[in-house]
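Breakdown of the fold
The primary structure of each chain is shown beneath.
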Amino acid sequence: MDTLYKTDVLRLAAQATGAGKLADATKSVTVDNPLCGDRVTFDVHMGANSKIVAVGHTVKGCVLCQASASVIGAHAAGEDAASLEAVRESLKAMLKQGAPAPAGAWATLGTFAPVAGHKSRHECVLLPFEAVIQAAGK
Amino acid sequence: MNKPVRVVPFDVEAVRAQFPILRTLLHGKVPLHYLDNAATAQVPEAVLEAVRAHDALRRANVKRGVHALAEAATDAYEAARRKVAQHLNAREEREIVFTSGTTGAINLVANAFGATLKPGDEVVLSGLEHHSNLVPWQLLRDRAGIKLRFLGVTEEGRIDTGDLDELVSERCKLIAVTHVSNVTGAITDVAAVVRAARTVGARVLLDGAQRASHGPVDVQALGVDFYALSSHKMFGPTGVGALWGRAEVLASLPPFLGGGEMIRTVTLEKSTWADIPARFEAGTPPITQAVGLGAAIDWQAGVDTAAAAVHTAHLADRILDGLRSLGGANRRIRVIGPQTMERRFPVIAFAVEGAHPHDICQMLDGHGVALRGGHHCAQPFHDSLGLAGTSRASLALYNNAGDVDAFLTGLDDALTKLT
Ligand SMILES: Cc1ncc(COP(=O)(O)O)c(C=O)c1O
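Described in the following lines is the structure provided in the data block. Not measured: the values here are computed from a predicted model.

Digging into the site of the ligand
All names here are of chain B. Surveying the vicinity of the ligand reveals the residues T102, T103, H130, S132, T178, N182, D207, A209, Q210, S230, H232 and K233. In the environment of the ligand, a nitrogen atom lies 2.5 Å from a nitrogen or oxygen atom belonging to the side chain of D207. Considering only residue class, the shell around the ligand consists of one nonpolar, nine polar and two charged.

Here is the structure:
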């Protein structure tokens, strides 16, 4: 029934890794989902060679959105805009084409596989990526 | 001796039996509990059949042909207009313009009536409006240099008519407000709005999208000038709705859309306009859909809507009570809008601290309960509450106690997981 709300998703959301504002943010980006009014802000602290040193996020959104931001909070350090873009594309492929979950550090994103069957919720998972990619970009 | 009052209990199961979709099993096994009626209501067999019969037996374009089908289609279309006129107690059938829905009707007024306004003129709206009674006026403001002013919303979720004296000035040409809120269910004090408008010679438009599914409306008694409604919220097809306009007001307005059917004569340089309502019905109208709307009105006329209102109010009370008892120290549930069923319709929006409306709605979907979450196209109002969205249960006359219980049980379960 509630396959979307497996305990893993609820746990990720509750952990809220990286939640909060960054005091020394290089850049901060807020994106909205016009369909539901959800809002995600990512603060990033960028290091040398445009790699992320730390992120902080503020999510006014659903559990899926919170869980996705939490995954980013756990794994964004060391990534840059291009590598995050690649992660987002494989997440998209998982949601939209049933591709396998991303491998390696981002394998946790496999938790969102059941969202594939709920088109209206894809954006909930993708929105935090949009924010962090914009924040890490030029 | 007083005549004994005959109390006819409302037979909800007999009503339900007429709606095929209510027999749906979701996810292959869960019975449907449809509580998203404020977004779109379901359609009874009689309407489905009327739509099918029209296309099977009378399909043709209206007004243009002399052949038998064209005449039959035109008759059916005009009969539908008559039914809408009756539902609204309009003085004349020509006061009914078919549109694509409430949004289409309000845009028509914002353009046709809007064309008569001058820079500096004012239109008064409220902070409770659906976007479809806000954005068309913002567009007009940007086009024509008019000014928009906004009535506030009371703690109870009602349009604050106490603001009228201050906001309605000699420059006000129109007050456009919702008849019933799609978020709080509150019924607007229309008499106060009309009184204020009349003192300065302004017109009044009511957004009737949420009202027209709850029995007949009397636009003459309301004393307004325009009334907008959508078929799909009143057990009819999608794609059609209506604008009612007081005949002398409509007749004084220029057209909005240009095209076939709305003209008297056309030369390459210039055209003259048809009389109302044709002036506002450019192009081929939604004929089959209008016929379906007529059938939906016939169907509603066969229901004891007063008894149905008592029935849905009971169910809504049960929801309000249920939300109160589900709330508690660590589950803060806030009902947005009047806390009792007085002067309101059974549309109940609520917010739960720490639980997002989409999560609530998705979990309830697992219980077969169709609920809506989000800002319900009333973002300014939600902003004013400091909320991105709410969850909303909205009832129609075919809902029963089983629907309410499934909702409350499902919500309890969802909140156990989410909070
Ligand atoms: C109060 C109100 N006004 C206007 C509308 C818009 O109706 P439609 O989308 O049918 O044009 C709605 C529908 O959600 C509504 O509830």
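Observations concerning the nonpolar core
Counting residues in each nonpolar core, the largest one holds 71 residues, and the members touching the most others are A:L64, A:F112, A:V132, B:I360, B:L371, B:F407 and B:L411. Ranked by the residues each element gives to this core, the list is headed by helix α4 (residues 122-136) of chain A, at 10 residues. In this structure, B:I96, B:L128, B:V168 and B:V224 belong to the second largest nonpolar core, which totals 53 residues.

Describing the sheet that holds strand β10 (residues 241-245) of chain B
Residues and elements named next belong to chain B. Strand order in the open sheet made by the seven strands is β4-β10-β9-β8-β7-β5-β6, with mixed pairing throughout. Two strands bound the open sheet, and with one partner strand each, they are β4 (96-99) and β6 (147-151). Averaged over all pairs of adjacent strands, the angle between strand axes in this sheet comes to 20°, irrespective of strand direction. Pairing of strand β9 (residues 226-230) with β10, which is carried by five bridges, proceeds in the antiparallel orientation.

Looking at helix α3 (residues 81-97) of chain A
Residue and element names in this part refer to chain A. Its 17 residues give α3 an end-to-end C-alpha distance of 23 Å, which sits within 8% of 24 Å, the value for a rise of 1.5 Å per residue. The set of residues buried in α3 consists of L84, V87, R88, L91, A93, M94 and L95. Check the buried side of α3 and you find it contacts β3 (52-60) and α4. For α3, the N-terminal cap is D80; the gap from its side-chain oxygen to the backbone nitrogen of A82 is 3.2 Å. G98 occupies a position one or two residues after α3 and carries a positive phi of about 70°.

Remarks on the pairing of β10(B)
Residue and element names in this part refer to chain B. Within β10, five of the five residues are buried, leaving the element largely enclosed by the surrounding structure. Going residue by residue along β10, you find G241, L243 and G245 tucked away on one face and A242 and W244 tucked away on the opposite face as well. Sheet topology note: the β4/β10 ladder contains four bridges and is antiparallel. Residue pairing in the sheet places I96 in a bridge with W244 of β10.

Looking at the sheet that holds strand β17 (residues 390-394) of chain B
In a beta sheet, neighbouring strands are held together by backbone hydrogen bonds and run either parallel or antiparallel to one another. All names here are of chain B. Across the sheet, four strands lie side by side as β13-β14-β17-β16; this open sheet has antiparallel pairing. This sheet does not close on itself; its edge strands, each paired only once, are β13 (333-336) and β16 (372-374). Here the average twist between neighbouring strands, direction ignored, is 30°. As defined by bridge partners, strand β14 (residues 347-352) adjoins β17 across four bridges and the pair is classed as antiparallel. Pairing of I348 across the sheet is with A393, part of β17.

Notes on helix α3 (residues 68-87) of chain B
All names here are of chain B. Here α3 is 20 residues long and its end C-alpha atoms lie 29 Å apart, about the 28 Å a rise of 1.5 Å per residue gives. Along α3, the positions that sit buried rather than exposed are A70, A73, T74, A76, Y77, A79, A80, R81, V84, A85 and H87. At its buried positions, α3 is contacted by α2 (45-57), β4, β10 and α10 (287-301). The first or second residue beyond α3 is N89, which carries a positive phi of 50°.

Observations concerning the layout of surface pockets
In this structure, the largest pocket encloses a volume near 900 Å³. If you go around the largest pocket, you meet 45 residues; those closest to its centre are B:D36, B:A39, B:R372, B:G373 and B:H376. Where the lining of the largest pocket is concerned, the elements lending two or more residues are α4 of chain A together with α4 (102-112), α12 (357-366), β15 (369-370) and β16 of chain B. Estimated volume of the second largest pocket: approximately 390 Å³.

Structural notes on the interface of chain B and chain A
How large an interface is tends to be reported as the accessible area lost when its parts come together. Taken together, the contact between chain B and chain A spans 12 residues of the former and 17 residues of the latter. Counting each side, the surface lost to burial between chain B and chain A is near 1,300 Å², with a carbon and sulfur contribution of 55%. On the chain B side of the interface with chain A, the three residues burying the most area are B:H356, B:D359 and B:Q362, jointly 36% of the side's total. Linking chain B with chain A are one salt bridge. We note a salt bridge from B:D359 to A:R121, for which the minimum N-O separation is 3.1 Å. Our count for the contact surface shared by chain B and chain A stands at seven residue pairs in polar contact (both at pLDDT 80 or more). Of all elements in the fold, only α12 and α14 (401-418) of chain B reach the threshold of two or more residues within the side of chain B that touches chain A. By residue number, the principal contributor to the side of chain B that touches chain A is α12(B), which donates five residues.

Rules of the game
Residues numbered from 1 in each chain as written. Chains lettered and ligands numbered in written order. Predicted model: local features only at pLDDT ≥ 70, side-chain atom pairs only at ≥ 80, totals over all residues. Heavy atoms only, no water. Near = heavy atom within 4 Å. Polar contact = N/O pair within 3.5 Å; in protein donor to acceptor, adjacent residues only side chain to side chain. Nonpolar A, V, L, I, M, F, W, Y, C, P; charged D, E, K, R; others polar. Core = buried A, V, L, I, M, F, W, Y, C linked by side-chain atoms within 4.5 Å. Buried < 20%, exposed > 50% of the residue type's maximum accessible area, 1.4 Å probe, protein only. Helix = DSSP H or I, 4+ residues; strand = E, 2+ residues; numbered from the N terminus. Pairing = 2+ DSSP bridges. Axes fitted to C-alpha atoms, helices over the stretch in contact; angles between N-to-C directions. Expected span 1.5 Å × (residues − 1). Contact = heavy atoms within 4.5 Å. 1 Å grid on protein atoms, 1.4 Å probe; cavity = no way out; pocket = protein on both sides within 12 Å on 5 of 7 lines; lining within 4 Å. Points joined across faces, edges and corners; volume = space filled by probe spheres on them. Buried area = accessible area lost by both parts, 1.4 Å probe. Salt bridge = Lys/Arg side-chain N within 4 Å of Asp/Glu carboxyl O.

So yeah, pure geometry; function would need other evidence.
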